[in-house]
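Analysis of the macromolecular model
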Amino acid sequence: MPQPRPLTRRHIAQAGLGLLAASALGARAQGTWPNKPVRIVVGFSAGGTTDVVARLMARELTEALGQTFVVENKPGGGSNIATDLVRATEPDGYTLLMMAVTSTINQTLYRNVKFNLDRDFDGVALCTKVPNILVVNPNVPAKTVPEFIAWLKTQGDKVSYASSGSGTSIHMAGELFKVRTGTHAVHVPYKGSAPALTDLMGGQVQYMFDNMPSAWPHVQAGKLRALAVTTKQRSASAPDVPTMEESGVAPFDVTSWFGLVAPKGTPKPVLDKINQVVNAAFDKPEIIQAYAKLGAVSEKNSPRDFSRFIHDEVNNWAPVVKASGAQVD
């Protein structure tokens, strides 16, 4: 058997050049991201706040980065279907999730979730925070929260409240309200705010704690009545609507938020590039105006800041879930 020839300096130099070329090619490939469409997965149906914010950010990213960012609605399981879908994708920057506060609630609300938010996702950018707002069908006789509580206590099991899905902040606000007021109502979960609001306006359910951006236009149109916001301060977009605590239900502080995350291991330059576009969008007059109409507020942050924020939110919601007694299999 012939003996292998020893490596010469020429061979070593050629091998080194090959490695350098491969490294340069990889760097160029990463540097050209995005070179094809990027999808932003939303765990709720079109028309809800998560979807509205996702489409605003998709437009900004498309304009800034020169590739199409497509919103893909995957409702179901209180957004767990979408979260699991994104968790299982390649961390290449071409699939993102518009995560809502719902996911941090689901981490402890559901008995058998497949995902772990710390382990499976990288934060990209917190896109907005919004208050929830208690809205009722106009046929409900109450004009204030105390009147509403008194009315609920006369209805027995006749009243139902809607949510955009089990585990959403909308659901948890409803459960917290029942705990704080000693009232009873049947929870009816939907696959997003839009179908829930449709049934609320139609009288199939009587009330809902919805995200302000999706509910407020219906209040302005006279199709729903607003009783209170769920944050500690009143909303600048609805200064005449009192807070729950001002209405005598305390403590009560529920804030919804929405932000982009990516599968764990997505290259840091990709995370940073998206984050820069989102933060820059907050200074644009059209985004400022859009957020004002929605009752939403912006908050500049880094990917690391948002990852830490998600971790803290899981810990903040766990005792609320426990106190409510809510549990989903």
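All chains use their own residue numbering, which begins from 1 and follows the written sequence. Thresholds applied to this predicted model are a pLDDT of at least 70 for local features of residues and 80 or more for the giving and counting of side-chain atom pairs; totals over whole chains, interfaces and linings are not thresholded and use all residues. As a rule here, side-chain values cover all heavy atoms of the structure and leave hydrogens and water aside.

**A look at the pattern of salt bridges**
- Only one rule defines a salt bridge in this text: a Lys or Arg side-chain nitrogen within 4 Å of an Asp or Glu carboxyl oxygen. What the rule picks out here adds up to 17 salt bridges.
- Among the salt bridges present, the one from D84 reaches R87, with a minimum N-O distance of 3.4 Å. Here D84 pairs with R87, and both are found in helix α3 (residues 80-87), just three residues apart, close to one helical turn.
- Salt-bridge contacts for K129 lead to E299; the nearest nitrogen and oxygen are separated by 3.2 Å. You can see K129 sitting in strand β4 (residues 121-136) and its partner E299 sitting in the loop between α11 (285-294) and α12 (303-324), a full 170 residues away along the chain.
- A relative accessible area of 37% means that E299 is categorised as partly exposed.
- Residues joined in a network through salt bridges with shared partners are R59, E60, E63, K284 and E286. What counts as a helix is a DSSP run of H or I of at least four residues, what counts as a strand is a run of E of at least two, and both are numbered from the N terminus. Note on exposure labels: buried denotes an accessible area under 20% of the residue type's maximum, exposed denotes more than 50%, and partly exposed covers the range between, all computed with a 1.4 Å probe on protein chains only.

**Observations concerning helix α8 (residues 193-202)**
- Where α8 is concerned, the buried positions are S193, A196, L197 and L200. What you see down the axis of α8 is that its buried residues fit within an arc of 100 degrees, all on one side.
- Here, two residues are considered to be in contact whenever any of their heavy atoms come within 4.5 Å of each other. In this structure, the buried residues of α8 make contact with β4, β5 (160-163), α7 (169-181), β7 (207-211) and α9 (212-220).
- In the segment just after α8, G203 is the residue with positive phi, at about 90 degrees. Summarising the geometry, the arc corresponds to the directions from the helix axis toward the C-beta atoms.

**Focus on the pairing of strand β9 (residues 255-263)**
- A large share of β9 lies buried, amounting to eight of its nine residues.
- In this structure, strand β3 (residues 95-100) lies alongside β9, joined through four bridges in antiparallel fashion. By the bridge assignment for β9, L97 is matched with V261.
- Where β4 and β9 come together, nine bridges link them in antiparallel fashion. Residue T128 lies in a different strand from β9, and its bridge partner there is F258. Two strands make a pair as long as DSSP finds a minimum of two bridges between them.

**A few points about the packing of aromatic side chains**
- A pair of Phe, Tyr and Trp rings is counted when the ring centres sit within 6.5 Å of each other, with Trp represented by its six-membered ring. The angle between the planes then sorts it: under 30 degrees is stacked, over 60 is edge-to-face, the rest tilted. Applying the stated criterion across every chain, the model contains 14 aromatic pairs.
- Aromatic side chains Y161 and Y207 sit 5.4 Å apart centroid to centroid with 25 degrees between the ring planes, which places their arrangement in the stacked category. Of this pair, Y161 sits in strand β5 while Y207 sits in strand β7; the two residues are 46 residues apart in sequence, bridging distant segments of the chain. Like Y207, Y161 is buried.
- Of note, K36 hangs over the ring of Y94, and the distance from its end group to the ring centre comes to 4.7 Å. Over a ring means this: the NZ of a Lys or the CZ of an Arg is within 6 Å of the ring centre and within 35 degrees of the ring normal.

**Here's the deal with the environment of A100**
- Among the secondary structure elements, A100 is positioned in strand β3.
- Along the primary structure A100 and F44 are separated by 56 residues, whereas in three dimensions their C-alpha atoms are 9.8 Å apart.
- What A100 contacts, discounting residues up to four positions off in sequence, is F44, T50, W257 and F258.

**Section: the side chain of E175**
- With respect to the helices and strands, the residue E175 is situated in helix α7.
- Under the rule applied, a polar contact is a pair of N or O atoms within 3.5 Å (in protein, one hydrogen donor and one hydrogen acceptor; residues adjacent in sequence only if both atoms are side-chain atoms). Here Y161 takes part through its side chain, which lies 2.6 Å from a polar atom of the side chain of E175.
- Beyond its immediate chain neighbours, meaning those up to four positions away, E175 contacts Y161, H187 and S324.

**Focus on the pairing of β5**
- Of the two faces of β5, the one lined by S160 and A162 and the one lined by Y161 and S163 are each fully buried.
- Sheet topology places β5 next to strand β6 (residues 186-189); four bridges connect them, and they run parallel. Across the sheet, residue S160 finds its bridge partner in β6, namely V186.
- Place the viewer so that the strands point away; then a crossover is right-handed whenever the path from the first strand over the helix to the second strand goes clockwise. The β-α-β motif built from β5, the intervening α7 and the parallel element β6 has right-handed crossover chirality.
- Here two bridges tie β5 to β7, and the two strands are oriented parallel to one another. By the bridge assignment, Y161 is partnered in β7 with Y207.

**Describing the side chain of S235**
- Relative to the helices and strands, S235 resides in the loop between β8 (225-229) and β9.
- Here S237 takes part through its backbone nitrogen, which lies 3.1 Å from a polar atom of the side chain of S235.
- Non-local contacts of S235, meaning those with residues more than four positions away in its chain, are made with P131, M212 and G295.

**Notes on the nonpolar core**
- Throughout this description, the term nonpolar core refers to a set of buried Ala, Val, Leu, Ile, Met, Phe, Trp, Tyr and Cys residues connected via side-chain atoms within 4.5 Å. Counting residues in each nonpolar core, the largest one holds 46 residues, and the members touching the most others are V145, F148, F177, Y207 and M244.
- Leave out the neighbours within four places in its chain, and F148 touches L134, V136, V140, A142, F177, Y207 and L227.
- Counting 36 residues, the second largest nonpolar core, distinct from the first, contains M57, V130, L260 and V277.

**Considering unusual backbone geometry**
- Following W33, the chain continues to P34 via a peptide bond in cis, the omega torsion being -5 degrees.
- As for its placement among the helices and strands, P34 is situated in the loop between α1 (9-31) and β1 (38-42).
- Cis geometry is adopted by the peptide bond preceding P251, which originates at A250 and carries an omega value of -5 degrees.
- The residue P251 is located in the loop between β8 and β9 in this model.
- With a phi angle near 85 degrees, S79 is a residue other than glycine that sits in the positive phi range.
- In this structure, S79 sits in the loop between β2 (69-73) and α3.
- For S79, a relative accessible area of 5% puts it in the buried group.

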